[in-house]
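Each chain, letter by letter, is given below.
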Amino acid sequence: MEKKGKLIIVSNRLPISVSKKAGKISFQRSIGGLATGLASFYKEYDSLWVGWPGIAYEKIREDFQQVKKELKKDKCVPVALPQSLVEQFYHGFCNKTIWPLFHYFPNYAVFSDTLWNAYKKGNELFAEALEDILRPGDTVWIHDFHLMLLPRLLRESIEDLSIGFFLHIPFPSSEIFRLMPWRDEVLEGLLGADLVGFHTADYVGHFLSSVRRILGYENSFNQILAENRMIQADVFPMGIDYKTFKAAVGTDEVKAEIERIKRRVGDSKVIISVDRLDYTKGLLHRLEAFERFLDRYPKWRGKVTFILLVVPSRVGVEQYAKLKKNLDEMVGRINGKYDTIGWIPIWYLYRSVPQSVLSALYAIGDVALITPIRDGMNLVAKEYVASKIDGNGVLVLGELAGAAREMGEAIIVSPLDRSGVADAIKQALEMPSEEKALRISAMQKRLERYDVVRWARDFMERLTHTKEKQAMFMGKKLAGRDEAALVKTYASAHNRVLFLDYDGTLVGFRDKPEKAMPDKELLEILERLTRQKATEIVIVSGRDPYTLQNWFSSLKVNIIAEHGVWLKEIDGDWEMIELLDSEWKEKVRPILELYTDRTPGSFIEEKEFSLVWHYRRCDPILATVRSRELKDALLQLIANLEIGVLEGNKVIEIKNTSINKGRAILHWLARKDYDFMFVAGDDWTDEDMFEVLPDWAYSIKIGFGISKARYRLDSPFELRQILMKLASIKGK
Ligand code: GDG
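Owing to the predicted nature of the structure, the values given are computational and were not obtained by experimental measurement.

1. Regarding the domain arrangement of the chain
Splitting the chain by domain gives domain 1 (7-235), domain 2 (242-449), domain 3 (476-578 + 659-727) and domain 4 (585-656). When each unit is reduced to the centre of its C-alpha atoms, the spacing between domain 1 and domain 3 is 45 Å.

2. Comments concerning the site of the ligand
Around the ligand sit 18 residues in total, of which His-168, Val-353, Asp-375, Leu-379 and Glu-383 are the nearest. The contact in question runs from an oxygen atom of the ligand to an N or O atom on the side chain of His-199, over 2.9 Å. Gly-376 places a main-chain nitrogen or oxygen 3.0 Å from an oxygen atom of the ligand. Contact with the protein chains covers 76% of the free accessible surface of the ligand, which is 730 Å². When contributions to the shell around the ligand are tallied by element, the ones reaching two or more residues are α14 (355-364) and α15 (379-387). With three residues, α14 is the single largest residue contributor to the shell around the ligand. Of the residues belonging to the shell around the ligand, the class tally is nine nonpolar, six polar and three charged. Both domain 1 (7-235) and domain 2 (242-449) contribute no fewer than three residues apiece to the shell around the ligand.

3. Looking at the side chain of Glu-483
You can see Glu-483 is positioned in helix α19 (residues 480-492). With relative accessibility at 15%, the residue Glu-483 sits in the buried group. With residues up to four places along the chain from it excluded, the contact list for Glu-483 reads Leu-478, Ile-722 and Lys-725.

4. Quick look at the pattern of salt bridges
Throughout the structure, instances matching the rule amount to 56 salt bridges. Note that Asp-275 is salt-bridged to Arg-286, the shortest N-O span being 2.7 Å. Remark: Arg-286 occurs in helix α12 (residues 283-296) and Asp-275 occurs in strand β12 (residues 269-276); sequence separation between them is eleven residues. The same class applies to Asp-275 as to Arg-286, namely buried. Between Asp-278 and Arg-314 there is a salt bridge; the shortest N-O distance is 3.7 Å. Linking Asp-278 in the loop between β12 and α12 with Arg-314 in the loop between β13 (304-311) and α13 (318-338), this pair joins segments that are 36 residues apart in sequence. What makes Asp-278 buried here is its relative accessible area of 0%. Assessed through its relative accessible area of 19%, Arg-314 is described here as buried. Each of Arg-155, Asp-194, Arg-229 and Lys-467 takes part in salt bridges that share partners, so that together they form one network.

5. A few points about a negative patch on the surface
Residues Glu-124, Glu-128, Glu-131 and Asp-132 make up a contiguous surface patch of negative charge. In this fold, Glu-128 is placed in helix α5 (residues 113-131).

6. Regarding the packing of aromatic side chains
Tallying each qualifying case throughout the model produces 37 aromatic pairs. Between Phe-171 and Phe-207, the ring centres sit 5.4 Å apart and the planes meet at 75°, which makes this aromatic pair edge-to-face. Taken together, the residues span a long stretch of sequence, with Phe-171 in the loop between β7 (162-166) and α7 (174-177) and Phe-207 in helix α9 (residues 201-215) at a distance of 36 residues. Neither residue differs from the other here; Phe-171 and Phe-207 are each classed as buried. Relative to Phe-676, the ring of Tyr-490 lies with its centre 5.0 Å away and its plane at 85°, an arrangement referred to as edge-to-face. Of this pair, Tyr-490 sits in helix α19 while Phe-676 sits in strand β28 (residues 676-681), placing them 186 residues apart in sequence. Across the pair, exposure class does not vary: Tyr-490 and Phe-676 are buried alike. Over the ring of Tyr-595 we find Arg-598; its NZ or CZ atom is 5.1 Å from the centre of that ring.

7. With respect to the sheet that holds β12
Strand order in the open sheet formed by six strands is β14-β13-β12-β15-β16-β17, and the pairing between neighbours is parallel. Edge positions in the sheet fall to β14 (346-350) and β17 (411-413), since each of these pairs with one other strand and no more. Here the average twist between neighbouring strands, direction ignored, is 20°. In the sheet, β12 pairs with strand β15 (residues 367-370) via two bridges, with the strands oriented parallel. Pairing of Ile-271 across the sheet is with Val-367, part of β15. Sitting on the sheet, α12 touches β12, β13, β14 and β15, and the angle it makes with β13 is about 175°.

8. So, the sheet that holds strand β10 (residues 223-225)
The strand order β5-β4-β1-β6-β7-β8-β11-β10-β9 describes an open sheet built from nine strands, whose pairing is mixed. Each edge of the sheet is formed by a strand with only one pairing partner; in this case those strands are β5 (76-78) and β9 (219-220). Note that β9 and β10 share two bridges and pair antiparallel. When the sheet's bridge partners are listed, Ser-220 is paired in β10 with Gln-223.

9. Considerations on the pairing of β28
Within β28, six of the six residues are buried, which leaves it mostly tucked inside the rest of the structure. Burial along β28 is two-sided: Phe-676, Phe-678 and Ala-680 facing one way and Met-677, Val-679 and Gly-681 facing the other are all buried. The pairing of strand β19 (residues 496-500) with β28 spans five bridges and is classified as parallel. Considered in β28, the bridge of Leu-498 is made with Phe-678. Where β28 lies against strand β29 (residues 698-702), four bridges are found, and the strand directions are parallel. Across the sheet, residue Phe-678 finds its bridge partner in β29, namely Tyr-698. On the question of chirality, the crossover connecting β28 to the parallel β29 by way of helix α25 (residues 684-692) is right-handed.

Cut-offs and rules
Residues numbered from 1 in each chain as written. Predicted model: local features only at pLDDT ≥ 70, side-chain atom pairs only at ≥ 80, totals over all residues. Heavy atoms only, no water. Domains from an automatic or database assignment. Near = heavy atom within 4 Å. Polar contact = N/O pair within 3.5 Å; in protein donor to acceptor, adjacent residues only side chain to side chain. Areas by Shrake-Rupley, 256 points an atom, 1.4 Å probe, with all protein chains shown as cover. Helix = DSSP H or I, 4+ residues; strand = E, 2+ residues; numbered from the N terminus. Nonpolar A, V, L, I, M, F, W, Y, C, P; charged D, E, K, R; others polar. Buried < 20%, exposed > 50% of the residue type's maximum accessible area, 1.4 Å probe, protein only. Contact = heavy atoms within 4.5 Å. Salt bridge = Lys/Arg side-chain N within 4 Å of Asp/Glu carboxyl O. Patch = residues over 30% accessible without salt bridge, like charges linked within 9 Å, V, L, I, M, F, W, Y side chains within 5 Å. Lys, Arg positive; Asp, Glu negative; His and termini not counted. Charge placed at Lys NZ, Arg CZ, Asp CG, Glu CD. Phe/Tyr/Trp six-rings, centres within 6.5 Å; stacked < 30°, edge-to-face > 60°. Lys NZ or Arg CZ within 6 Å of the ring centre and 35° of its normal. Pairing = 2+ DSSP bridges. Axes fitted to C-alpha atoms, helices over the stretch in contact; angles between N-to-C directions. Right-handed = clockwise from strand over helix to strand, strands pointing away.

Dropping the structure here:
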C-alpha cells in the first residue's frame, strides 16, 4: 500500500509503562486491544505513539534521555508529566471530574478551577510534545477523555492535519454534560478534530445535542457545521482481538489453569465477573442480586460458585476506598449467610491476574454476570463470548454497558433491578445447551467480523473520507491569485454588475431581523462603489421592500426584494417583476399561528407575497421537531396551490413557486451585455442566482456548505475586504 504521512497515536498512557525501583529503570509492556488494533497500520504509515509513561517526571528526570531512547525503539514518545499534574490533571480533573460526570455520577464529581487549570496544562504539555513531531499532512488519532482539549490545540498550531478523536467512555446526556462549568471549552476542544468517534449511537446523539444546545452548531447526518468547518461524528463500537482470545483457550497454559480452578470449584456451576474496582461497575448491586438469587432459588445453594475478580484501581481515592470496604463487608456477609462445609458461594479475588488465568476464568464460567451501572463499552463481555469456543456459556449483560447495543443475544438486564438480575441468573444457569450455543455463536460471528483491527481500520477510513467531504464542502477560497485576478478583471471591465445578498452576506445574523440594519462601514463601501460609473449594484434580498428602502435610501443602489417579487431601480418606484396572487395566505396563516403558539420564541413575518416563520430564538431541539411538523402540515395543504415551502437559515418561508432570486437576476441581466458579473450569497435562496450565471462570472458563497458557487469566503467580513479593494479602484 502507498505510504502516507505520519500516523501519530496519542493517549494518556503509553502502551509501555516505565517504573523505577532502587534506582533501576524498567519497562513493562501492556498488551491492550488498542495496540493490537493499531499494529496493522504500522506498515502503511510511518507511525509513533505519544503518551505518558506512567511515572512522574521528577522521578526519572536524570534518566529521561535514556527512557526516551529506549521507548523510541518501540516507536513510543514519552510526555513528561510533573508530579503536580499527575495529581491534579490525571488523578484530579480526569478521574475526579470527568469520569464520574460522564458516567452519570454528578454527586461524585469535583468542580474545581485548580483542577480545570491542571487539565488545560496537561493538554498543553501533550500539544507541545506533539508540535515537535507533527508536520502538515500528518494524521493524529487522539484517544479518550484525558485529552479532549488537544484536537483544538493541534488544529490551531499546525496546518493541514487530519485529526481523529475517539472517546472510550460514555458521552452523557446534555443535561448532565452541561453541569460542567467548562463545557464550552471542552466541546470547542473536541470540535478541533475532523472526526469524533464514540462506541454507540446514543453517545453520538448526546454529543450532537450538547454541541447544538451549548454552542448552537447545527448538524445533519452526524455532520456538525461549525463556523467554518464540517466535523463528522460517528459510531465505532470497539472490538477485541478476537483470534487471540479464541486461540488462548486451547493453549496448554490456559488448559492447566482451567484444571486448577476446576479442582477448587468441583462440580458446582461457575458464574464469573471481571471488573476494575469502580463505582460505575455495579459491584454491590450485583452481589445483592446474587444474594436474592440464593434466597429465591434455594435449590441452587451449594451448586453454584460466583468467582468475583476485582482488579484494584485508583487506590487512595476516597470513593474507591469506601467502595472497597463495602464490597469486602458484603462478600463477607453473604458468604457468612450461606456457606457450608465444602461450599463458599462467592470466591472473591481482589487483584489482577495474568492473561492465562483470565482466559481460564472466561472458559470455565458457565455464566458471565456483567452488570455495570454505566460503561462506555465493556470489553470483558466480548472477551468472554470469544473464549466460549464450546458454545457452553451465557452472558448476562447490563443494559447500560455500550456492549449491550451490539450483543442482543445476551440476557439483557437492568443492573439495578436485583430481582430481575436474580431471575436472569436462574434463566442462564438453566438454559438448554442448544439455545446457549445459538446465542453465543450469533455473537461470535459479529465479534469475529468487527474485531479491533477492523474497528481501527474503519475509523481511519472514515477519517480520510471526512477530509474528502470537507474539501467538497469548502469550495475554493477566493484568495491569493484568484483574488488578484478578480480585481484585475474588475478594473478592466466596462459594464459591471454586483448582485449582493444582504443577511449573512453583507452583514452577520442577529437575533431579530430588524436589528441587522447596515452599519456605517457597509454604507461607506457601497457608496464608494456606486461612485464608479461602470458599476451597477443590485441588493438581492428576501426582505420586504419597505425595510430595504429605508436602509438604502441614501445610496444609488438597485434593490430586488422578497426573493425576486419586487424591483426598485435607483430613483425609480417599486414594481413587480412578475404578476402574482396571494390569496393562499389566508389558508396558510392560521397554521403558522398555531405553530407560533406552540413554539415559544418563534414568530411570523408577513411579506407581501410570502409568509415566513422564524425560529432562531427557540429551543433548538423543540424547534427542529416543530419545524418538521410544520413543513409536513404545509406540504399537505399546498399540494394544489402554486406555492412552495422553503427552508432557510432558521426560517420556513412559504411563497409563490414562480419567484426566486435566479429568475429575478436573469430579468436584470437581459437588459445589457455585462463584461463583469459578481454574485455573493450565503444560503440556498442564493444558489438560484449561482445557477443562472455564466461560467466566467464570479459567484461567491459566504460561509460553509455545499454550493454551486465558484468560490467561497468565510464571512461577511471577508466579503467586505474584497468589496473595499474593488471600491478603491480608480477610473471608471
Ligand atoms: C475504557 C472504558 C471501554 C481486566 N482485568 C484484568 C485484565 N483486564 C482487561 C480485560 C479487558 C480490559 O482489561 C478491561 O476492559 P474494559 O472494557 O473495562 O476497558 P477499560 O480500558 O478499563 O475502559 C470501557 C474501554 O475503554 C474500551 O474502549 O470498553 O467502557 O471504560 O480487556 O481483559 N487483564 C489481565 N488481568 C486482569 O486481571 N491480564
